[in-house]
Amino acid sequence: MSDLKIDFDRLERAETRLATVIADFDAATPAQNGLADAVGHGQVESAVRDFRSAWNIRREEYAEELRTMRDAVIAIRETFEAVDVELSNRLDALTEVEQ
């Protein structure tokens, strides 16, 4: 039988890092028209506006995907911690019965 080893510290670091990235995405303001207005060329201005619009939408999608990942990491950590405690309690109970 192989041992299953869960690095709880690594899971907690992943939660923290994901939370930081999510906060950065949430704090980012939607791109404004300033750059598009400043280029002064019709086609470049249009391309900048298209990019800005697409990025604003995609940034929100990325943030939601990051929240889903964070929630999954939290669920994994909490589930394995609960299993670890339960298995430990059962092992302790078996050990007490044998003595």
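Here's what I pulled together on the structure shown here. Source: prediction; values computed, not measured.

## Description of helix α1 (residues 8-27)
Part 1: Taking 1.5 Å of rise per residue, 20 residues should cover 28 Å, and α1 covers 28 Å from first to last C-alpha, within 8% of that figure.
Part 2: Those residues of α1 lying buried are L11, E15, L18, I22 and F25. Projected down its long axis, α1 carries its buried residues within an arc of 95°, all on one side. Set apart from the buried face of α1 by more than 90 degrees, the exposed residues are R10, T16, R17, D24 and A27.

## Thoughts on the nonpolar core
Part 1: L11, L18, I22, F25, A63, L66 and V73 together form the largest nonpolar core, which totals seven residues.
Part 2: Put simply, the parts of the chain that give this core at least two residues each are α1 and α3 (42-98).
Part 3: When near neighbours in sequence (up to four residues on either side) are disregarded, A63 contacts F25 and D26.

## Focus on the packing of aromatic side chains
Part 1: For the structure shown, the criterion picks out three aromatic pairs.
Part 2: Taking the centre distance of 6.4 Å and the plane angle of 50° together, the rings of F25 and W55 count as tilted. Linking F25 in helix α1 with W55 in helix α3, this pair joins segments that are 30 residues apart in sequence.
Part 3: Since its relative accessible area comes to 33%, W55 is described here as partly exposed.
Part 4: When the ring of F25 is compared with that of Y62, the centres are 6.3 Å apart and the planes differ by 85°; the resulting orientation is edge-to-face. Highlighted residues: F25 in helix α1 and Y62 in helix α3, separated in sequence by 37 residues.
Part 5: Since its relative accessible area comes to 31%, Y62 is described here as partly exposed.

Scoring rules and cut-offs
- Residues numbered from 1 in each chain as written.
- Predicted model: local features only at pLDDT ≥ 70, side-chain atom pairs only at ≥ 80, totals over all residues.
- Heavy atoms only, no water.
- Helix = DSSP H or I, 4+ residues; strand = E, 2+ residues; numbered from the N terminus.
- Expected span 1.5 Å × (residues − 1).
- Buried < 20%, exposed > 50% of the residue type's maximum accessible area, 1.4 Å probe, protein only.
- Arc of directions from axis to C-beta.
- Core = buried A, V, L, I, M, F, W, Y, C linked by side-chain atoms within 4.5 Å.
- Contact = heavy atoms within 4.5 Å.
- Phe/Tyr/Trp six-rings, centres within 6.5 Å; stacked < 30°, edge-to-face > 60°.

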